[in-house]
Amino acid sequence: MAVTSLDCGGRPLDLTSPVVMGVLNVTPDSFSDGGDFLSPDSALSRARELVAEGAAIIDIGGESTRPGAADVSVDDELARVMPVIEALAGELSVPISVDTTKPEVIRAAAAAGAGLINDVMALQRPGALDAAVETGLPVCLMHMRGTPRNMQLDPQYDDVVEDVLGFLHERVATCTQAGIPAERIVIDPGFGFGKSMTHNATLLARLDAFNALDLPVLIGLSRKSFIGQIVDRPPKERVAGSLAAAVLAAQAGARIVRTHDVAATVDALTVVDYVRRAGAAGRGQ
Ligand code: 9MG
């Protein structure tokens, strides 16, 4: 991978080892933690906890992207995320990512000190690409088939890996042509976003194919229904299943793991990285 560090608005995110992105949903309706951190005070203390547990970056979102989620207006999304970003940007030692698809939120969050734009629509909403270019920040381009409202209604692919890779390849080309250099681009296959159980499993089994784009890969599988259906557990009891998926992803080369369960994921990735480095150095001979 050519990119080993991201400049998140002046805060570096070192990617020489896999890192953890802590999830902070300031929403009433996210599938796992909806409503838990809706008040600014509870969101701030959760962010501090995530950093203390070892998160290298915090992803703050004000619009649920779970299947069937309702749209949120620009004003409501700004009212949810901006007080939290404004309060945390000057305080946290790690960069803040804003999970949004809206140009107005991209601009406001960047002006308030956010360091990365995490867009589940890969900057396809009208105006989003221009807004992202203006900020000069790195972006995470995620694949989604459909919209959160309809994405799980029988998604179809010819070859899920080739189709998702092709989409990301096209979005990366569009972004670089618009003025976002490759050094500022992260890609994400979008687990759970318009994918069946088989699609998700195939993407995870063949995740190493995404290294072909020579860009950092981010994955989000934490507590998702893909894990829940395998282990037959509700969201807050899917930690062990999510860790297994995070380990498989890191083994395949994923550099950023988005998770609700930061401390456990940091430990799991630390073990993966230790073993990888020992293997690379030829220790134990
Ligand atoms: C906001 N959000 C929810 N799930 C996600 C995932 O898998 N990847 C990214 N980049 N963002 C996500």
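Everything quoted here is computed from the prediction, not taken from an experiment.

The rules behind each value
- Residues numbered from 1 in each chain as written.
- Predicted model: local features only at pLDDT ≥ 70, side-chain atom pairs only at ≥ 80, totals over all residues.
- Heavy atoms only, no water.
- Helix = DSSP H or I, 4+ residues; strand = E, 2+ residues; numbered from the N terminus.
- Rg over C-alpha atoms; globule rule 2.2 N^0.38 Å.
- Buried < 20%, exposed > 50% of the residue type's maximum accessible area, 1.4 Å probe, protein only.
- Contact = heavy atoms within 4.5 Å.
- Areas by Shrake-Rupley, 256 points an atom, 1.4 Å probe, with all protein chains shown as cover.
- Lys, Arg positive; Asp, Glu negative; His and termini not counted.
- Charge placed at Lys NZ, Arg CZ, Asp CG, Glu CD.
- Salt bridge = Lys/Arg side-chain N within 4 Å of Asp/Glu carboxyl O.
- Expected span 1.5 Å × (residues − 1).
- Arc of directions from axis to C-beta.
- Polar contact = N/O pair within 3.5 Å; in protein donor to acceptor, adjacent residues only side chain to side chain.
- Core = buried A, V, L, I, M, F, W, Y, C linked by side-chain atoms within 4.5 Å.
- Near = heavy atom within 4 Å.
- Nonpolar A, V, L, I, M, F, W, Y, C, P; charged D, E, K, R; others polar.
- 1 Å grid on protein atoms, 1.4 Å probe; cavity = no way out; pocket = protein on both sides within 12 Å on 5 of 7 lines; lining within 4 Å.
- Points joined across faces, edges and corners; volume = space filled by probe spheres on them.
- Pairing = 2+ DSSP bridges.
- Axes fitted to C-alpha atoms, helices over the stretch in contact; angles between N-to-C directions.

Peer 1: So, the overall build of the chain: which residues are in play, and what are the values?
Peer 2: Helices and strands together make up the secondary structure of the chain, namely nine helices and ten strands. For a compact globule of 285 residues, the expected C-alpha radius of gyration is about 19 Å, and the chain comes in at 18 Å, within 12% of that figure. For the chain, the spread of C-alpha atoms along the three principal axes comes to 55 × 45 × 40 Å. Residues counted as buried form 53% of the 285 residues belonging to the chain. Put simply, of all contacts in the chain between residues at least 6 apart along the chain, 68% involve residues at least 24 apart. As displayed, the chain offers around 11700 Å² of accessible surface, 52% of which is attributable to carbon and sulfur atoms. Distance between charge centroids for the chain: 3 Å, based on 24 positive and 36 negative side chains.

Peer 1: Help me get a handle on the pattern of salt bridges, residues and values and all.
Peer 2: Taken as a whole, this structure holds twelve salt bridges when the rule is applied. The partner of Asp-261 in a salt bridge is Arg-223, with the nearest N and O atoms 2.8 Å apart. Residue Asp-261 is found in the loop between strand E10 (256-259) and helix H9 (262-281), and its partner Arg-223 is found in the loop between strand E9 (218-220) and helix H7 (225-231); the two are separated by 38 residues along the sequence. Across the pair, exposure class does not vary: Asp-261 and Arg-223 are buried alike.

Peer 1: Please set out helix H5 (residues 160-178) residue by residue, giving values where relevant.
Peer 2: In a regular helix each residue adds 1.5 Å, so 19 residues correspond to 27 Å; H5 covers 27 Å between its end C-alpha atoms and thus fits that length. Within the span of H5, buried status applies to Val-160, Val-161, Val-164, Leu-165, Phe-167, Leu-168, Arg-171, Val-172 and Cys-175. Angular distribution of buried residues about the axis of H5 spans 160°; they occupy a single face of the element. Residues of H5 that are exposed and point over 90 degrees away from its buried face: His-169 and Gln-177. Capping of H5 at its N-terminal end is provided by Asp-159; its side-chain oxygen lies 3.0 Å from the backbone amide nitrogen of Val-161.

Peer 1: Explain the nonpolar core to me, and be specific about the residues and the numbers.
Peer 2: In this structure, Leu-24, Ile-60, Leu-123 and Phe-210 are the most contacted members of the largest nonpolar core, which totals 71 residues. By residue number, the principal contributor to this core is H5, which donates eight residues. The residues contacting Leu-123, other than those within four sequence positions of it, are Ile-106, Ala-128, Leu-129, Ala-132, Val-139, Leu-141, Arg-171, Cys-175 and Ile-180. Grouped together as the second largest cluster of nonpolar side chains are 14 residues, Cys-8, Leu-15, Ile-57 and Leu-218 included.

Peer 1: Explain the site of the ligand residue by residue, including any values.
Peer 2: Taken together, Thr-65, Asp-99, Asn-118, Val-120, Cys-140, Met-142, Asp-188, Phe-193, Leu-218, Gly-220, Lys-224 and Arg-258 make up the full set of residues near the ligand. One of the backbone nitrogen or oxygen atoms of Gly-220 is found 3.2 Å away from an oxygen atom of the ligand. Lys-224 is positioned with one of its side-chain polar atoms (N or O) 2.7 Å from an oxygen atom of the ligand. The fraction of the free accessible surface of the ligand (300 Å²) that becomes covered by protein chains is 96%. Where the shell around the ligand is concerned, the elements lending two or more residues are strand E7 (139-142) and E9. Here the shell around the ligand is built from residues that sort into five nonpolar, three polar and four charged.

Peer 1: Could you give an account of the layout of surface pockets, naming the residues involved and the relevant values?
Peer 2: Roughly 280 Å³ of internal volume is contained in the second largest pocket. Around the second largest pocket sit 19 residues that line it, and Thr-101, Met-121, Arg-125, Met-144 and Pro-148 are the ones nearest its centre. Residues that form the lining of the second largest pocket fall into these classes: six nonpolar, seven polar and six charged.

Peer 1: So what's going on with the side chain of Glu-77? Residues and values would help.
Peer 2: Note on placement: Glu-77 falls in helix H2 (residues 74-89). Judged by its relative accessible area of 1%, Glu-77 is buried. Within the structure, Glu-77 has its side chain in polar contact with the side chain of Lys-102 (distance 2.5 Å). Residues within four places of Glu-77 in sequence aside, it is in contact with Gly-62, Glu-63, Val-72, Asp-99, Thr-100, Lys-102 and Val-105.

Peer 1: Describe the sheet that holds strand E8 (residues 185-188), listing the residues and the values that go with them.
Peer 2: In a beta sheet, neighbouring strands are held together by backbone hydrogen bonds and run either parallel or antiparallel to one another. In spatial order, the strands read E8-E7-E6-E5-E4-E3-E10-E9; together these eight strands make up an open sheet with parallel pairing. Looking at strand neighbours, the two that pair on one side only are E8 and E9, the edges of this open sheet. For this sheet the average axis-to-axis angle between neighbouring strands, irrespective of direction, equals 25°. Summarising the sheet, strand E4 (residues 57-61) and strand E5 (residues 96-99) pair through four bridges and their orientation is parallel. Residue Ile-60 lies in a different strand from E5, and its bridge partner there is Val-98. H9 rests against strand E3 (19-25) and E10 of the sheet, and its axis sits at about 165° to E3.

Peer 1: Account for empty space enclosed by the protein, with residues named and values stated.
Peer 2: For the structure on display, the rule yields one cavity of 30 Å³ or more. Roughly 70 Å³ of internal volume is contained in the largest cavity. Every residue lining the largest cavity is counted, 13 residues in all, and those nearest its centre are Ser-222, Ser-242, Ala-246, Val-257 and Thr-259.

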